[in-house]
Amino acid sequence: AQSVSQHNHHVILSEAASLELGCNYSYGGTVNLFWYVQYPGQHLQLLLKYFSGDPLVKGIKGFEAEFIKSKFSFNLRKPSVQWSDTAEYFCASSITGGNEKLTFGTGTRLTIIP
Amino acid sequence: DARVTQTPRHKVTEMGQEVTMRCQPILGHNTVFWYRQTMMQGLELLAYFRNRAPLDDSGMPKDRFSAEMPDATLATLKIQPSEPRDSAVYFCASGTAFAGTDTQYFGPGTRLTVL
C-alpha cells in the first residue's frame, strides 16, 4: 500500500526566507508525485507534478520540487517566500500505470510573517 | 477557464436527514473522485468513477453513503441518514485518465455541518 508522509505540520517563516517542505512516499514501484496548495477557505490547486523525466520539476508561483528516488522523497522548495504563500500544502502520490487514486499526506501549514 | 463546480457550497442539516451533494466535472474529463477532508483524518478518498462506472468505493461507509454518476456531467454523493461525524468538507475532483498518468482538478468543496 502507498503512504505519504509530511513531517512538518506547521512551518512559520518570514517573507523572503527560503522554503523547503519535506515529503516522503512509500511504495516499491513507480509513482507519480504531486504537490497541491490550499489557500485559506479555498479548494486544492495543483502546484506541480512529476511523472517521469527530469527529477527537478518547476511549478507555478515559483515553486519547484526534486524527486530523489533513492530517498523516496519529493521535497517542495521556493527560494524566497511571500506573504501570499500562506496556505496548506499537500504532497500526494499515485501509482504509475495503475489506478489514478491519489494518496495524500497530512499536509503542512505554512504561515508567512510579513 | 474550465472548472469543477460543486453544489451546495455550504450545508447545515440535522442528524438523520438526507444530504445530497452534486459535482459537475470539467467537460471531457472521464474520471471523477470524491474526497472528504477533516481536521482529524486529513484528505480521504471516498469513491471514484471512470467513464461513469464506479471503480472503487472502499473508502465510503456503505451503510449510509452512496455515490453515482447519472450522466457524464453530474456526479452525486448522498448520505442517508447523516450523522454529526459526517461533518467535513467534501471535495469533488475530475481528470482524464491516460496510461495511469492523471492530474486531478478539484472543485471548491461542500462544507457539511450535521447538528
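Our structure is the block above this text.
Scope of this entry: the structure provided in the associated data block.

1. Considerations on the overall build of chain A
Secondary structure assignment for chain A yields 0 helices and 12 strands. In chain A, the succession of α and β elements from N to C terminus is β-β-β-β-β-β-β-β-β-β-β-β. Over its C-alpha trace chain A gives a radius of gyration of 14 Å, about what one expects of a compact globule, namely 13 Å for 114 residues. Summarising its shape, the C-alpha atoms of chain A cover approximately 45 × 30 × 20 Å along the three principal directions. Within the span of chain A, comprising 114 residues, buried residues form 45% of the whole. For chain A, long-range pairs separated by at least 24 residues make up 55% of all intrachain contacts whose partners lie at least 6 apart in sequence. Element-wise, carbon and sulfur atoms account for 53% of the exposed surface of chain A, whose accessible area totals about 5,300 Å².

2. Remarks on the environment of N30 of chain B
Counting through the fold element by element, N30 of chain B comes out in the loop between β3 (19–24) and β4 (31–38). Spatially, the C-alpha atom of N30 of chain B lies 9.8 Å from that of A53 of chain B, the residues being 23 residues apart in sequence.

3. Digging into the state of the cysteines
All names here are of chain A. Counted under the stated rule, the structure contains 2 disulfides over all chains. Between the sulfur of C23 and that of C91 lies a disulfide, 1.9 Å long from S to S. Its S-S torsion of approximately -65° makes the covalent link between C23 and C91 left-handed. Here C23, found in the loop between β3 (19–21) and β4 (24–26), pairs with C91, found in strand β10 (residues 87–95); they are 68 residues apart in sequence, far enough to count as distant.

4. A short note on the sheet that holds strand β8 (residues 74–79) of chain B
Residue and element names in this part refer to chain B. If you walk across this open sheet you meet the 4 strands as β1-β3-β8-β7, and the pairing is antiparallel. Of all the strands in the sheet, just β1 (5–7) and β7 (65–71) have a single pairing partner and so form its edges. Strand-to-strand twist in this sheet, taken as the mean axis angle between neighbours without regard to direction, amounts to 20°.

5. Describing the packing of aromatic side chains
Under the counting rule described, the total for this entry stands at 16 aromatic pairs over all chains. Cluster of aromatic residues (ring-pair linked, three or more members): F34, Y36, F51, F90 and F104 of chain A together with F33, Y35, Y48, F91 and F106 of chain B.

6. Examining the pattern of salt bridges
Residues and elements named next belong to chain A. Taken as a whole, this structure holds 9 salt bridges over all chains when the rule is applied. With its nearest N and O atoms 3.2 Å apart, the salt bridge here joins R77 to E66. Note that R77 is positioned in strand β9 (residues 73–78) and E66 in strand β8 (residues 64–68), a separation of 11 residues in sequence. On the basis of relative accessible area, R77 is assigned to the partly exposed category, the value being 23%. Its relative accessible area of 27% is what places E66 among the partly exposed residues. Of the charged contacts in the structure, one is a salt bridge between D85 and K78, with a shortest N-O distance of 2.9 Å. Judged by relative accessible area, which is 2%, D85 ranks as buried. A relative accessible area of 6% means that K78 is categorised as buried. Each of K58, E64, E66 and R77 takes part in a single network of salt bridges with overlapping partners.

7. Some remarks on the environment of D63 of chain B
Residues and elements named next belong to chain B. Summarising the element assignment, D63 is placed in the loop between β6 (53–56) and β7. A relative accessible area of 61% places D63 in the exposed class. For D63 and A2, which are 61 residues apart along the polypeptide, the C-alpha to C-alpha distance reads 34 Å.

8. Topic: unusual backbone geometry
The omega torsion of the bond from T7 of chain B to P8 of chain B falls at -10°, within 30 degrees of zero and hence cis. When you line up the elements, P8 of chain B lands in the loop between β1 and β2 (10–13). Cis peptide bonds are those with omega within 30 degrees of zero, and the linkage from Q80 of chain B to P81 of chain B qualifies with -5°. Tracing the backbone shows P81 of chain B in the loop between β8 and β9 (88–95). Unlike most non-glycine residues, F72 of chain A shows phi in positive territory, near 50°. Along the chain, F72 of chain A falls in the loop between β8 and β9. F72 of chain A gets classed as partly exposed once you look at its relative accessible area, which sits at 38%. Phi at R52 of chain B is positive, roughly 75°, even though this residue is not glycine. Inspection of the secondary structure puts R52 of chain B in the loop between β5 (42–50) and β6.

Basis of the calculations
- Residues numbered from 1 in each chain as written.
- Chains lettered and ligands numbered in written order.
- Predicted model: local features only at pLDDT ≥ 70, side-chain atom pairs only at ≥ 80, totals over all residues.
- Heavy atoms only, no water.
- Helix = DSSP H or I, 4+ residues; strand = E, 2+ residues; numbered from the N terminus.
- Rg over C-alpha atoms; globule rule 2.2 N^0.38 Å.
- Buried < 20%, exposed > 50% of the residue type's maximum accessible area, 1.4 Å probe, protein only.
- Contact = heavy atoms within 4.5 Å.
- Areas by Shrake-Rupley, 256 points an atom, 1.4 Å probe, with all protein chains shown as cover.
- Disulfide = S-S within 2.5 Å.
- Pairing = 2+ DSSP bridges.
- Axes fitted to C-alpha atoms, helices over the stretch in contact; angles between N-to-C directions.
- Phe/Tyr/Trp six-rings, centres within 6.5 Å; stacked < 30°, edge-to-face > 60°.
- Salt bridge = Lys/Arg side-chain N within 4 Å of Asp/Glu carboxyl O.

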